[in-house]
Amino acid sequence: MMANWIKPGSTVGILGGGQLGRMMALSAREMGYRVAVLEPTPDSPCGQVADIQIKTAYNDHEGAKKLAENCDVLTYEFENIDASTANWLEENMYLPQGSKLLSITQDRITEKATIASFDIPVVPYRTVDTLVELKSAVEQLHLPAVLKTARGGYDGKGQRVIKQMEDVSAAWEELAGKGPFVLESWLEFEKEISVIVTRSVHGETTTFPIAENIHQNNILHQSIVPARMNSKLEKEAVTIATHLADSLELVGTLAVEMFVGSDGLLYVNELAPRPHNSGHYTINACVTSQFEQHIRAVCGWPLGSTELVKSVVMVNILGEHMPKVMENVTDLKGAKLHLYGKSEAKIGRKMGHVNVLGDNVETILEQIERSPIWK
Ligand code: ADP
Ligand code: MG
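Residues numbered from 1 in each chain as written. Chains lettered and ligands numbered in written order. Predicted model: local features only at pLDDT ≥ 70, side-chain atom pairs only at ≥ 80, totals over all residues. Heavy atoms only, no water.

A.B. asks: What is the right way to read the coordination of the magnesium ion (ligand 2) from this model?
C.D. replies: Taken together, E257 (OE) and E270 (OE) make up the full set of protein donors to the magnesium ion (ligand 2), lying 2.0 to 2.4 Å away. Here the residue E257 occupies a position in strand β13 (residues 252-261), and E270 occupies one in strand β14 (residues 266-272), the gap between them amounting to 13 residues. The exposure class of E257 is buried, given its relative accessible area of 15%. Using a relative accessible area of 23% as the deciding quantity, one classes E270 as partly exposed. (Donors = N, O, S within 2.8 Å, 3.2 Å for Na, K, Ca; no water. Helix = DSSP H or I, 4+ residues; strand = E, 2+ residues; numbered from the N terminus. Buried < 20%, exposed > 50% of the residue type's maximum accessible area, 1.4 Å probe, protein only.)

A.B. asks: Teacher, can you tell me more about the environment of V197 here?
C.D. replies: Along the chain, the position of V197 falls in strand β9 (residues 189-199). Owing to a relative accessible area of 0%, V197 belongs among the buried residues under this scheme. Each C-alpha atom of the pair V197 and P275 lies 9.3 Å from the other, and the pair is 78 residues apart in sequence. For V197, the residues in contact, after removing those within four places along its chain, are T205, T206, T207, A241, A245, L250, G252, T253, L254 and V256. (Contact = heavy atoms within 4.5 Å.)

A.B. asks: Even after reading the chapter, I still don't get the domain arrangement of the protein chain, so can you show me in this structure?
C.D. replies: When the parts of a complex come together, some accessible area is lost, and that lost area is often taken as the interface size. With domains assigned, the protein chain is organised as domain 1 (11-95), domain 2 (124-185) and domain 3 (189-370). The gap between the C-alpha centroids of domain 1 and domain 3 is 23 Å. With 18 residues of domain 1 in contact, the opposing surface of domain 3 contributes 23 residues. Interface area for domain 1 against domain 3, summed over the two sides, is near 1800 Å², with a carbon-plus-sulfur share of 66%. Taken together, the links from domain 1 to domain 3 amount to 1 salt bridge. In this structure, the connection of domain 1 to domain 3 is made through 8 residue pairs in polar contact (both at pLDDT 80 or more). Within the residue set of the side of domain 1 that touches domain 3, elements represented by two or more residues are α1 (19-30) and β4 (73-76). Take the side of domain 1 that touches domain 3: its biggest share by element is 7 residues, from α1. Here the residues of the side of domain 1 that touches domain 3 sort into 11 nonpolar, 4 polar and 3 charged. (Domains from an automatic or database assignment. Buried area = accessible area lost by both parts, 1.4 Å probe. Salt bridge = Lys/Arg side-chain N within 4 Å of Asp/Glu carboxyl O. Polar contact = N/O pair within 3.5 Å; in protein donor to acceptor, adjacent residues only side chain to side chain. Nonpolar A, V, L, I, M, F, W, Y, C, P; charged D, E, K, R; others polar.)

A.B. asks: Is there a simple way to think about the site of ligand 1 in this case?
C.D. replies: Around ligand 1 sit 20 residues, and of these K148, G156, E192, N269 and E270 come closest. In this structure, G156 approaches ligand 1 through a main-chain N or O atom, which is 2.5 Å from an oxygen atom. Its free accessible area being 540 Å², ligand 1 has 94% of it covered by the protein chains. Of all the elements in the fold, those that place two or more residues in the shell around ligand 1 are β6 (145-149), β8 (181-185), β9, β13 and β14. For the shell around ligand 1, the class distribution of residues is 6 nonpolar, 7 polar and 7 charged. Both domains that furnish three or more residues to the shell around ligand 1 are identified here as domain 2 (124-185) and domain 3 (189-370). (Near = heavy atom within 4 Å. Areas by Shrake-Rupley, 256 points an atom, 1.4 Å probe, with all protein chains shown as cover.)

A.B. asks: It is not clear to me how the sheet that holds strand β1 (residues 11-15) should be interpreted in this structure. Could you clarify?
C.D. replies: What links the strands of a sheet is backbone hydrogen bonding, and the strands pair in either a parallel or an antiparallel sense. The 4 strands lie next to each other as β3-β2-β1-β4, forming an open sheet whose pairing is parallel. Of all the strands in the sheet, the pair left with one neighbour each is β3 (52-54) and β4. With direction set aside, neighbouring strand axes in the sheet form an average angle of 20°. Relative to β3, strand β2 (residues 34-38) runs parallel, the two sharing 3 bridges. In the sheet register, L38 faces β3, and the bridge partner there is I54. (Pairing = 2+ DSSP bridges. Axes fitted to C-alpha atoms, helices over the stretch in contact; angles between N-to-C directions.)

A.B. asks: Explain the sheet that holds β8 to me, please; I cannot follow it from the model alone.
C.D. replies: Judged by pairing direction, the sheet is antiparallel, and its 4 strands sit side by side in the order β5-β8-β6-β7 without closing on themselves. Strand pairing shows two members of the sheet lacking a second neighbour, β5 (125-128) and β7 (159-162), which therefore form its edges. This sheet shows a mean twist of 20° between the axes of neighbouring strands, independent of strand direction. Sheet topology note: the β5/β8 ladder contains 4 bridges and is antiparallel. Counted as the bridge partner of T127 is V182 from β8. Across the face of the sheet, helix α5 (residues 108-117) comes into contact with β5, β6, β7 and β8 while running at roughly 50° to β8. Packing against the sheet, helix α7 (residues 167-174) makes contact with β5, β6, β7 and β8, and its axis sits at approximately 175° to β7.

Now the structure itself:
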């Protein structure tokens, strides 16, 4: 029997009840685990498919303790668990992922400094605390640039693009009080890609095929796999992701977002220490999904094959797409529908996704283009 192997029949505890937790839970259940989730909102995407739901705030120590008492192993889908809760869990419960990577990636300043410390390129940046520092950072980096809050940003929230000197004060005022910040040079890029790397408690590491990501309004719209890029760059991207996983002594899943610059070079944009929206294509297109691989990694299984079985385009379904999805999704040939069980279809809210499978990405993209859903 392998060490650190969590036997099926045991309970996997998930911090956070959103769609990532739901899809982790579904994989865990397929493998015979029971699932407990900590989530304050009733009827959450993960709560709907879990055996036990503990309804307290994410950072409530009593709630975390109760979750721990009900579980044999813990993982998280939600990155903004406060450091003291994560620390407590690491010390008092079995959280194989630990809390260190979580705290590094919660803050763009430590995240970028850590990536750079492994000699992996990031876009030139400066840390900024005051308007004076912002002005001097603008002078050093030149414009255009983008000001980002160090903590709590997602889907482009907490960011302001600064195109000319006149925009500096406005950007500063709009983000007032949300600091510290980083100012990054605006990179001319050819495309955005991501690599999802998984490392088990035994140190076994896999990467999934590279996803080419198309954003709309800073929210992921499509992931195209295989990515349309040359094999030399592909190898470099995989090397970077694996180097990060080893250097960080990763356990679990790490999504590495990168830019392919117009200069032909790769830059790491940001990291997410969990399964990622750009890996949802793996559910239908790979031998093993990112969610199954994550459960395997933290429960001490050997990792599964990440081989791509079919070409695929994943398209996100936001609140505003829902009526058309219901009307037209059955016309999309080769489409696999995934909905997260959210009742309120708010604009911009991630309600689900579709994985459209086919023989090659060109014909899949043409088919999606013809569909009225995303018009
Ligand atoms: P979030 O946490 O919101 O995903 P990101 O740093 O990934 O934050 O930024 C969101 C998107 O904005 C990126 O996917 C990219 O399209 C664009 N972006 C961010 N930083 C830069 C940059 N320095 N140069 C060019 N585009 C950028
Ligand atoms: Mg991002």
